[in-house]
Amino acid sequence: HLFACGIDYRVNPPFGTQDDVSALIEAVCDGTIDILASDHAPHSAEDKVKGSPGLANLESAFGMYLKVFYDNGISLNRFTEMSAYNPRRLLGLPGGIIAPGAPADLIVADVEEVYTLDTAGWRSKSRNTPFEGASLRGRVLKTFVNGVVRYDYGQAL
């Protein structure tokens, strides 16, 4: 909902207007919104035809959020605060920071890479998205969960 508006694609809540997107971005900037979240909904093509709301975005959310932040002059520090630190803090979980003794749950990313969304290489069980061909920024290269590599871009694990 930060990334796009006015799209005729069934999600819940529906995509809003440009005014809605602008209000959300303002709320990110002023701290009214303090976490980033996504709802990965990997419905099959058949389920989408039947009206299931949602889209698959496990592999694209990072690039969408980072593009919005970059395009609107919002700092990378604010991005990491909203995507890693604040969710853990609000849920009372340890971590969300890189520090001795903190859980090694983190990603390594190229935040400068700009690329075109191509779902052909997705490993998700679904490719339902209205954003095929969109320009994104930032690619997750590795994901660590408790210090163990769980995702390595281009590698099967």
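For the structure given in this document, a descriptive report is provided here.

**Focus: the overall build of the protein chain**
Looking only at helices and strands, the protein chain features four helices and three strands. Walking the protein chain from its N terminus toward its C terminus, one meets helices and strands in the order α-α-α-α-β-β-β. Computed over C-alpha atoms, the radius of gyration of the protein chain comes to 16 Å, within 12% of the 15 Å expected from 2.2 N^0.38 for 157 residues, which places it in the range of a compact globule. Counting across all 157 residues of the protein chain, residues that qualify as buried make up 31%. Partitioning the contacts of the protein chain with sequence separation of at least 6, the portion at a separation of at least 24 is 58%.

**Considerations on helix 4 (residues 76-91)**
Between the first and last C-alpha of helix 4 there are 22 Å, a value that for 16 residues agrees with the 22 Å anticipated at 1.5 Å per step. At Tyr 85, helix 4 shows its maximal bend, which comes to roughly 40°, and the proline Pro 87 appears one to four places after that position. Residues of helix 4 that are buried include every one of Arg 78, Phe 79, Met 82, Asn 86 and Pro 87, and no others. Among the structural elements, helix 1 (18-30) and helix 3 (61-71) are those in contact with the buried residues of helix 4. Of the residues flanking the end of helix 4, it is Gly 92, one or two places downstream, whose phi is positive at about 70°.

**A closer look at the sheet that holds strand 1 (residues 106-116)**
Taken in spatial order, the three strands make up an open sheet running 1-2-3, and their pairing is antiparallel. Strand pairing shows two members of the sheet lacking a second neighbour, strand 1 and strand 3 (148-152), which therefore form its edges. Put simply, the sheet's adjacent strands are angled 25° from each other on average, direction ignored. As judged from the eight bridges shared by strand 1 and strand 2 (residues 135-145), these two strands associate in the antiparallel manner. Note on strand 2: the bridge partner recorded for Leu 106 is Phe 144.

**Some words on the nonpolar core**
Membership of the largest hydrophobic core comes to 15 residues, with the highest contact counts inside it found for Leu 2, Ile 25, Val 28, Leu 36, Tyr 65, Phe 69 and Phe 79. Those elements giving two or more residues to this core turn out to be helix 1, helix 3 and helix 4. Among the elements that line this core, the one with the most residues is helix 3, at six residues. For Phe 69, the residues in contact, after removing those within four places along its chain, are Val 28, Leu 36, Ile 74, Ser 75, Arg 78, Phe 79 and Met 82.

**Observations regarding the pattern of salt bridges**
Side chains that differ in sign of charge can pair as their charged atoms come close. Enumeration according to the criterion identifies seven salt bridges in this entry. The partner of Lys 67 in a salt bridge is Asp 71, and the shortest N-O contact between them spans 2.6 Å. You can see Lys 67 and its partner Asp 71 sitting in helix 3, four residues apart, about one turn around the helix. A salt bridge links Arg 88 to Asp 105; the shortest N-O distance between them is 2.7 Å. On the criterion of sequence distance, the pair formed by Arg 88 in helix 4 and Asp 105 in the loop between helix 4 and strand 1 is long-range, its members being 17 residues apart. Looking at Asp 105, the relative accessible area reads 29%, which means it is partly exposed.

**Description of the side chain of Thr 129**
Its location among the elements puts Thr 129 in the loop between strand 1 and strand 2. A distance of 3.1 Å separates the side chain of Thr 129 from the backbone nitrogen of Phe 131, its partner in a polar contact.

**With respect to the environment of Phe 15**
Checked against the element boundaries, Phe 15 lands in the segment before helix 1. Looking at Phe 15, the relative accessible area reads 12%, which means it is buried. Through-space distance from the C-alpha of Phe 15 to that of Cys 5 is 5.2 Å; in sequence the pair is 10 residues apart.

About the criteria used
Residues numbered from 1 in each chain as written. Predicted model: local features only at pLDDT ≥ 70, side-chain atom pairs only at ≥ 80, totals over all residues. Heavy atoms only, no water. Helix = DSSP H or I, 4+ residues; strand = E, 2+ residues; numbered from the N terminus. Rg over C-alpha atoms; globule rule 2.2 N^0.38 Å. Buried < 20%, exposed > 50% of the residue type's maximum accessible area, 1.4 Å probe, protein only. Contact = heavy atoms within 4.5 Å. Expected span 1.5 Å × (residues − 1). Bend = angle between axes of the 7 residues up to and from the residue. Pairing = 2+ DSSP bridges. Axes fitted to C-alpha atoms, helices over the stretch in contact; angles between N-to-C directions. Core = buried A, V, L, I, M, F, W, Y, C linked by side-chain atoms within 4.5 Å. Salt bridge = Lys/Arg side-chain N within 4 Å of Asp/Glu carboxyl O. Polar contact = N/O pair within 3.5 Å; in protein donor to acceptor, adjacent residues only side chain to side chain.

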